[in-house]
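# Structural features, examined
Here are the chains, one letter per residue:
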Amino acid sequence: FIIVYIKLKKTIKLIMVKFMYKLNIFLLYSFLGYIFEIIVDLIMKIKPSSGIMSGPFTPIYGLGVLIMLQIKDLYQRLDLNKFLEIALYFITVIIVLTILEQIGGMLLDKVFNKTLWDYSDYKFHITKYIAVEVSLFWGVASIIIGYLVNPLLDKIIYKIPPFLTIFVLIIFITDAINTFFKNI
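Residues numbered from 1 in each chain as written. Predicted model: local features only at pLDDT ≥ 70, side-chain atom pairs only at ≥ 80, totals over all residues. Heavy atoms only, no water.

## Focus on the packing of aromatic side chains
Summed over all chains, the structure comprises twelve aromatic pairs. For the ring pair Tyr 21 and Tyr 158, a centre distance of 4.7 Å and an interplane angle of 15 degrees mean the geometry is stacked. One end of the pair, Tyr 21, is in helix 1 (residues 2-43); the other, Tyr 158, is in the loop between helix 4 (132-157) and helix 5 (162-183), and 137 residues separate them in sequence. By relative accessible area, Tyr 21 is classed as buried at 13%. (Phe/Tyr/Trp six-rings, centres within 6.5 Å; stacked < 30°, edge-to-face > 60°. Helix = DSSP H or I, 4+ residues; strand = E, 2+ residues; numbered from the N terminus. Buried < 20%, exposed > 50% of the residue type's maximum accessible area, 1.4 Å probe, protein only.)

What follows is the structure in structure tokens.
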């Protein structure tokens, strides 16, 4: 019985560590996505705005990076040669994140009656929410994030104390609730 208890305790701890890691990834990249959008807006000399939330979060980036890292992990477990792994990762991420961008755009339009991005002016747009140029950018960004940026950030992410994660999560949830009721 004691051995089962110890194994169960270790399993629960491992699950919590993985959960906190993924939560930190989501929150961190939602924040970095917000910063990225603000910088792009400033460079393009348009009024800075990043997403629908009032606070410094753009959740589609956090979700997108979580998906990217899951895809990367899947291909790494297949033990392919590195070139094939990265090529498959690139193609898969382009497809999956393009679908995410389409669904996200449609949902924001339907739920909040807002169009936060419109690629209709892009040469290779497919719908107003997706364009080949943007999809290729996400593919390149996924390689940079997955193979360069995130391995460096992992050292920091695993050291984030749980109380800080919970504090930021409370801010995020409060902002999400406020945003929902403000825009409905």
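Okay, back to it.
## Concerning the packing of helix 1 against helix 4
Orientation of helix 1 relative to helix 4, taken along the N-to-C sense of each, is 125 degrees, at an axis distance of 12 Å. It follows from the interaxial angle that helix 1 and helix 4 lie oblique. Classified by chirality, the crossing of helix 4 by helix 1 is right-handed. Side by side, helix 1 and helix 4 meet where Tyr 21, Asn 24, Ile 25, Leu 28, Tyr 29, Leu 32 and Phe 36 of the first sit next to Phe 137, Trp 138, Ile 145, Val 149, Asn 150, Leu 153, Asp 154 and Ile 157 of the second. (Axes fitted to C-alpha atoms, helices over the stretch in contact; angles between N-to-C directions. Parallel < 35°, antiparallel > 145°, perpendicular 65-115°, else oblique. Left-handed = near helix turned anticlockwise from the far one by under 90°. Contact = heavy atoms within 4.5 Å.)

## Some details on the nonpolar core
Core analysis: the biggest nonpolar cluster contains 34 residues, and Ile 25, Val 65, Met 68 and Tyr 89 have the highest contact counts within it. Counting residues per element, the ones that place at least two in this core are helix 1, helix 2 (59-77), helix 3 (82-112) and helix 4. (Core = buried A, V, L, I, M, F, W, Y, C linked by side-chain atoms within 4.5 Å.)

## Re the packing of helix 3 against helix 4
Contact geometry of helix 3 with helix 4 gives a least axis separation of 8 Å together with a crossing angle of 130 degrees. Comparing the axis directions of helix 3 and helix 4 gives the class oblique. Considering how the two elements wind past one another, helix 3 and helix 4 form a crossing that is right-handed. Residues Lys 82, Glu 85, Ile 86, Tyr 89, Phe 90, Val 93, Ile 94, Leu 97, Thr 98 and Glu 101 of helix 3 pack against Val 134, Ser 135, Leu 136, Trp 138, Gly 139, Val 140, Ser 142, Ile 143, Gly 146 and Tyr 147 of helix 4. Across the contact of helix 3 with helix 4, the residue classes tally to twelve nonpolar, five polar and three charged. (Nonpolar A, V, L, I, M, F, W, Y, C, P; charged D, E, K, R; others polar.)

## Looking at a nonpolar patch on the surface
A surface patch of nonpolar side chains, about 1,100 Å² in accessible area, is lined by Ile 91, Ile 95, Ile 99, Ile 103, Leu 107, Val 111, Ile 173, Ile 177, Phe 180, Phe 181 and Ile 184. For the nonpolar patch, the elements supplying multiple residues, two or more each, are helix 3 and helix 5. Considering every element that reaches the nonpolar patch, the biggest residue donor is helix 3, with six residues. Among the residues examined, Val 111 registers a relative accessible area of 39% and is labelled partly exposed. (Patch = residues over 30% accessible without salt bridge, like charges linked within 9 Å, V, L, I, M, F, W, Y side chains within 5 Å. Areas by Shrake-Rupley, 256 points an atom, 1.4 Å probe, with all protein chains shown as cover. Salt bridge = Lys/Arg side-chain N within 4 Å of Asp/Glu carboxyl O.)

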